[in-house]
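Summary of structural features
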Amino acid sequence: MPNAAAIDGTRIAYQVRGVGQPLLLLAGQSNNHTWWNPVRADFEAQYRTITLDWRGTGESDKPDEVYSTVGFADDVVAVLDDLGLDSAHVYGTSMGGRVAQWLAINHPQRVDALVLGCTSPGAAHGYERSQEIRKALADPERTDRVLLELMYTPAWLAHDPGPYYVLGDPTMPPYAKRRHLVASNRHDAWDGLPSITAPTLILHGTDDIFSPAANAQLLADRIPGARAELITGARHAYFHEFRSVASPAVLAFLTAAQDGS
């Protein structure tokens, strides 16, 4: 598996599949590239898909030091540099969407078109999950079940046995999980969002209470020219359960962005 060297020397593992214009797929908090396994094939026929293992996950190094969404964005740039790519389309979901915001703010020349899924501008200005949900997630005996119910509808869980790739990287050391949590919780891109110049699509499930759906329009109002689309009935993992709606929406947006329409 290829590795890129981050600014501080940390090795960032990445994966490339498919052909065509590059498309970066950025996963959620405490997850590695397998987050995208259920839907990656939807994009490979048209795009050269690029995923990575966040520092602290997968095959990347796991330094016990402060992580941040700004720093994760710099790690993404290191991957682009290692591949010799000037720019790429970027599709980030959950914490990956937070990282994608910084990528578009701090490295605008590296982002051709931007898709932000099930994400927010940060706690200071965004809509956050309830204290009840936070307490439930803090219970180690309930965490996985609570996460599944936040990610998928009861109907999906009743008929789909998994595997589920959105429950976190089981190989992560505990300190790395804590570092990821703090990095996501401290995210605040509010002041920089109006400077984003990339064409932007925002996707969110209407029934997402993990990252409340109201964040979608909040981001759309803050990013110049951005458009929000809500997927009726979807929870946090809208991109998987509702892939028949979400993936075509992303592909259509990217085609329109390339055509300049």
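Refer to the preceding data block for the structure.
A brief look at the structure comes next. The model shown is predicted, which means the values in this text are computed figures rather than measured ones.

1. As for the layout of surface pockets
- Its volume calculated, the largest pocket comes out at about 870 Å³.
- Lining of the largest pocket is provided by 36 residues; of these, Gln29, Ser30, Thr143, Leu147 and Phe210 occupy positions nearest its centre.
- Elements that contribute at least two residues to the lining of the largest pocket include exactly α3 (95–106), α4 (131–137), α5 (143–151) and α7 (174–185).
- With five residues, the single largest contributor to the lining of the largest pocket is α7.
- Residue composition of the lining of the largest pocket, grouped by class: 14 nonpolar, 14 polar and eight charged.

2. Focus: the sheet that holds strand β1 (residues 3–5)
- As summarised here, the arrangement of the eight strands in space is β1-β2-β4-β3-β5-β6-β7-β8, forming an open sheet in which the pairing is mixed. Of all strands in the sheet, those with a lone pairing partner are β1 and β8 (227–231), marking the two edges. The average undirected angle you get between the axes of adjacent strands in this sheet is 25°.
- By the bridge criterion, five bridges tie strand β7 (residues 200–205) to β8 in an arrangement that is parallel. Its bridge partner lying in β8, Ile202 is registered against Ala228.
- Docked against the sheet, helix α2 (residues 69–83) engages β1, β2 (11–17), β3 (21–26), β4 (47–52) and β5 (88–93), running at close to 60° with respect to β2.
- The sheet strands contacting α3 are β3, β5 and β6 (111–117), and the helix crosses β5 at an angle near 145°.

The rules behind these values
- Residues numbered from 1 in each chain as written.
- Predicted model: local features only at pLDDT ≥ 70, side-chain atom pairs only at ≥ 80, totals over all residues.
- Heavy atoms only, no water.
- 1 Å grid on protein atoms, 1.4 Å probe; cavity = no way out; pocket = protein on both sides within 12 Å on 5 of 7 lines; lining within 4 Å.
- Points joined across faces, edges and corners; volume = space filled by probe spheres on them.
- Helix = DSSP H or I, 4+ residues; strand = E, 2+ residues; numbered from the N terminus.
- Nonpolar A, V, L, I, M, F, W, Y, C, P; charged D, E, K, R; others polar.
- Pairing = 2+ DSSP bridges.
- Axes fitted to C-alpha atoms, helices over the stretch in contact; angles between N-to-C directions.
- Contact = heavy atoms within 4.5 Å.

Just geometry here; none of it tells us what the structure is for.
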